[in-house]
Amino acid sequence: MPKILKEKSLTSINLWMNNAKSRSSTHYDPDHNLLCVVAGCKQVVLCPPSAVSSLYPMPIYSDASNHSCVGLEKPDLSTYSRAQNSMMLHQVDSGEVTIAVNFWWRSSIMTSLPEHMDAYFLRTILRRSA
Ligand SMILES: O=C(O)CCC(=O)C(=O)O
């Protein structure tokens with residue numbers, strides 16, 4: 001574990017592996033993480049919070065409300081016209097063989113919302129009931 005994280009109270013550790021070029025969706029994460037590339041290469045595009053409205057976040061009631069409707073490369077400007085002003089959130093491109101680990105810890109926003117998963121479970125229950 002990286003020494004700079006020794007004061008952090010980690011909530012999870014994820015392993016990312018791919019054997020062909022890949023691209024993540026454009027999204028934000030409610031918690032913080034440090035992404036460490038162990039082998040291969042990643043390119044991360046980061047966008048400021050001020051760009052969010054230009055990136056058409058998925059509806060808050062959807063299962064993926066932290067994801068964008070548009071990709072960063074060649075967005076469909078006829079449907080998502082504000083995307084021409086934006087770079088946003090983040091998207092990760094991985095090289096052909098890449099292994100990475102990321103270490104996650106609670107953001108202050110998530111710490112102050114300990115029941116944050118309630119909305120997700122409520123949505124899931126309502127959808128199943130409908
Ligand atoms: O490494 C990846 O492919 C995705 C990582 C990511 O999206 C993240 O750390 O938030």
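Whatever comes next refers back to the structure up there.
The following paragraphs examine the structure supplied in this document. (Residues numbered from 1 in each chain as written. Predicted model: local features only at pLDDT ≥ 70, side-chain atom pairs only at ≥ 80, totals over all residues. Heavy atoms only, no water.)

Near the ligand you find Trp 16, His 27, Asp 29, Asn 33, Leu 35, Lys 42, His 90, Val 92, Ser 94 and Asn 102, and these make up its full shell. One of the side-chain nitrogen or oxygen atoms of Lys 42 is found 2.8 Å away from an oxygen atom of the ligand. Side-chain polar atom of His 90 to an oxygen atom of the ligand: 3.0 Å apart, as the coordinates give it. Those elements that provide at least two residues to the shell around the ligand are strand E3 (32–39) and strand E5 (90–94). A per-element tally of the shell around the ligand places E5 first, with 3 residues. Broken down by class, the residue content of the shell around the ligand amounts to 3 nonpolar, 5 polar and 2 charged. (Near = heavy atom within 4 Å. Polar contact = N/O pair within 3.5 Å; in protein donor to acceptor, adjacent residues only side chain to side chain. Helix = DSSP H or I, 4+ residues; strand = E, 2+ residues; numbered from the N terminus. Nonpolar A, V, L, I, M, F, W, Y, C, P; charged D, E, K, R; others polar.)

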